[in-house]
Amino acid sequence: CSSDLSNAVMDLVMFDQAIEHVCRITRVIELPRGNALLVGVGGSGKQSLAKLAAYIVGYESFQITVTSSYGLTDFKENLMTLYQKSGIKGIGIAFILTDGQIVKEQFLVLLNDFLASGYIADLMPKDEKDNCCNAVRGEVKHAGIPDSPDNLWDFFIEKVRKNLHLVLCFSPVGDAFRIRARQFRSEERRVGKE
């Protein structure tokens with residue numbers, strides 16, 4: 001499994017609708033807890049526009065590379081890395097995920113938990129969780145919040161939710177999109193029209 005944290009060169013033709021979509025995506029992911037669901041047929045430019053929007057707001061782009069052996073454990077490791085970077089280091093990250101990269105439906109359960117509360121059960125072993133809590137201890141004290149394990153963890157999760165932005169790029173073709181939208185309600189966040 002590998003990830004793409006670099007900004008690859010993209011030859012884009014920017015027509016008016018693409019510019020409008022980039023503006024919308026930028027506005028959504030720039031907000032704390034801002035996550036986006038981009039729906040369009042394959043090859044319509046969802047990923048490219050999401051990467052461009054992430055670059056505009058100064059975020060890192062992250063995508064998984066699915067291999068034949070990529071599974072739930074690998075996905076959790078990727079999520080744990082993203083949690084640590086966004087929650088400890090405070091780095092803004094756009095996690096761009098396509099429906100083709102969801103090789104197991106359990107991925108959506110984890111993403112649903114992230115969108116609903118930020119807390120994903122069994123994502124980190126206890127020692128990693130303690131490291132994350134210790135890493136934000138200074139910020140918690142500076143904010144005047146009592147130093148307790150629950151407060152440290154809550155602060156860390158809020159920091160993750162502020163800095164980690166999920167951009168789902170799904171195709172409406174077939175039944176998968178409709179079924180997933182019904183099963184995973186936290187993915188139905190909408191942004192009002194201008």
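Trainee: Hey, could you run me through the sheet that holds strand β1 (residues 36–39) in this one?
Mentor: Strands in a sheet are paired, the pairing made by backbone hydrogen bonds, and the direction either parallel or antiparallel. The four strands are arranged β1-β4-β3-β2 in an open sheet whose pairing can be described as parallel. If you trace the sheet from one side to the other, it starts and ends with β1 and β2 (60–62), each paired once. Averaged over all pairs of adjacent strands, the angle between strand axes in this sheet comes to 20 degrees, irrespective of strand direction. Pairing geometry for β2 and strand β3 (residues 93–98), over three bridges, is parallel. By the bridge assignment, Ser61 is partnered in β3 with Ala94. Against the sheet, helix α3 (residues 72–87) engages β2, β3 and β4 (164–170), with an angle of about 160 degrees to β3.

Trainee: Just checking my understanding: could you explain helix α4 (residues 106–116) for this structure?
Mentor: Since there are 3.6 residues in each turn of an α-helix, residues three or four apart along the chain are aligned in direction. For α4, every residue scored as buried is listed here: Phe107, Leu108, Leu110, Leu111, Asn112, Phe114 and Leu115. Positive phi shows up at Gly118, right after α4, with a value of about 90 degrees.

Trainee: Can you walk me through the layout of surface pockets in this structure?
Mentor: One water molecule sets the probe size; rolling that probe over the atoms shows where empty space is left. Reported here for the second largest pocket is a volume of approximately 190 Å³. Lys126, Lys129, Asp130, Cys133, Asn134, Arg137, Pro149, Asp150, Leu152, Trp153 and Asp154 are the residues that line the second largest pocket. Mapped by element, the contributors of at least two residues to the lining of the second largest pocket are α5 (126–135) and α7 (149–163). Within the lining of the second largest pocket, the residues separate by chemical class into four nonpolar, one polar and six charged.

Trainee: Please clarify how the packing of α3 against α7 should be interpreted in this entry.
Mentor: Between α3 and α7, whose axes approach to 8 Å, the crossing angle comes to 95 degrees. Here α3 lies roughly perpendicular to α7, going by the angle between them. Taken together, the residues of α7 that come into contact with α3 (itself represented by Tyr83, Ser86 and Gly87) are Phe156, Ile157, Lys159, Val160 and Asn163. Looking at the contact of α3 with α7 residue by residue, the classes come out as four nonpolar, three polar and one charged.

Trainee: Looking at this model, I keep getting lost on the nonpolar core. Mind explaining?
Mentor: When a protein is soluble and globular, its nonpolar side chains tend to lie buried together. Counting residues in hydrophobic clusters, the biggest one holds 34 residues, and the most contacted among them are Phe75, Tyr83, Phe95 and Phe156. The set of elements that each furnish at least two residues to this core consists of α3, β3, α4, α5, α7 and β4. Here this core gets six residues from one element, more than from any other, and that element is α4. With near-sequence residues (within four places) excluded, Phe95 lies in contact with Phe62, Ile64, Phe75, Leu79, Leu82, Leu111, Leu164, His165, Leu166 and Val167. Residues Ala50, Val57, Tyr59 and Ala94 belong to the second largest nonpolar core, which totals 17 residues.

Trainee: Just checking my understanding: could you explain the side chain of Asn78 for this structure?
Mentor: Here Asn78 shows up in helix α3. At 2.7 Å, the side chain of Asn78 forms a polar contact with the side chain of Tyr70.

Trainee: Quick question: what am I supposed to make of the environment of Phe75 here?
Mentor: Of note, Phe75 is situated in helix α3. For the pair Phe75 and Ile64, spaced eleven residues apart in sequence, the C-alpha separation works out to 8.1 Å.

Trainee: Explain the pattern of salt bridges here, please?
Mentor: For side chains of opposite charge, pairing can occur when their charged atoms come near one another. Applying the stated criterion across every chain, the model contains six salt bridges. Where Glu158 meets Arg33, a salt bridge forms, and the shortest distance between an N and an O atom there is 2.5 Å. One end of the pair, Glu158, is in helix α7; the other, Arg33, is in the loop between α1 (16–30) and β1, with 125 residues separating them in the sequence. With relative accessibility at 37%, the residue Glu158 sits in the partly exposed group. The residue Glu60 makes a salt bridge to Lys85 at a minimum N-O spacing of 2.7 Å. With Glu60 in strand β2 and Lys85 in helix α3, this pair connects stretches of sequence that are 25 residues apart. With a relative accessible area of 17%, Lys85 lands in the buried category. Beyond isolated ion pairs, a larger network of salt bridges with shared partners links Arg33, Glu158 and Arg161.

Criteria and thresholds
- Residues numbered from 1 in each chain as written.
- Predicted model: local features only at pLDDT ≥ 70, side-chain atom pairs only at ≥ 80, totals over all residues.
- Heavy atoms only, no water.
- Pairing = 2+ DSSP bridges.
- Helix = DSSP H or I, 4+ residues; strand = E, 2+ residues; numbered from the N terminus.
- Axes fitted to C-alpha atoms, helices over the stretch in contact; angles between N-to-C directions.
- Contact = heavy atoms within 4.5 Å.
- Buried < 20%, exposed > 50% of the residue type's maximum accessible area, 1.4 Å probe, protein only.
- 1 Å grid on protein atoms, 1.4 Å probe; cavity = no way out; pocket = protein on both sides within 12 Å on 5 of 7 lines; lining within 4 Å.
- Points joined across faces, edges and corners; volume = space filled by probe spheres on them.
- Nonpolar A, V, L, I, M, F, W, Y, C, P; charged D, E, K, R; others polar.
- Parallel < 35°, antiparallel > 145°, perpendicular 65-115°, else oblique.
- Core = buried A, V, L, I, M, F, W, Y, C linked by side-chain atoms within 4.5 Å.
- Polar contact = N/O pair within 3.5 Å; in protein donor to acceptor, adjacent residues only side chain to side chain.
- Salt bridge = Lys/Arg side-chain N within 4 Å of Asp/Glu carboxyl O.

These values are about where atoms sit, not about what they do.
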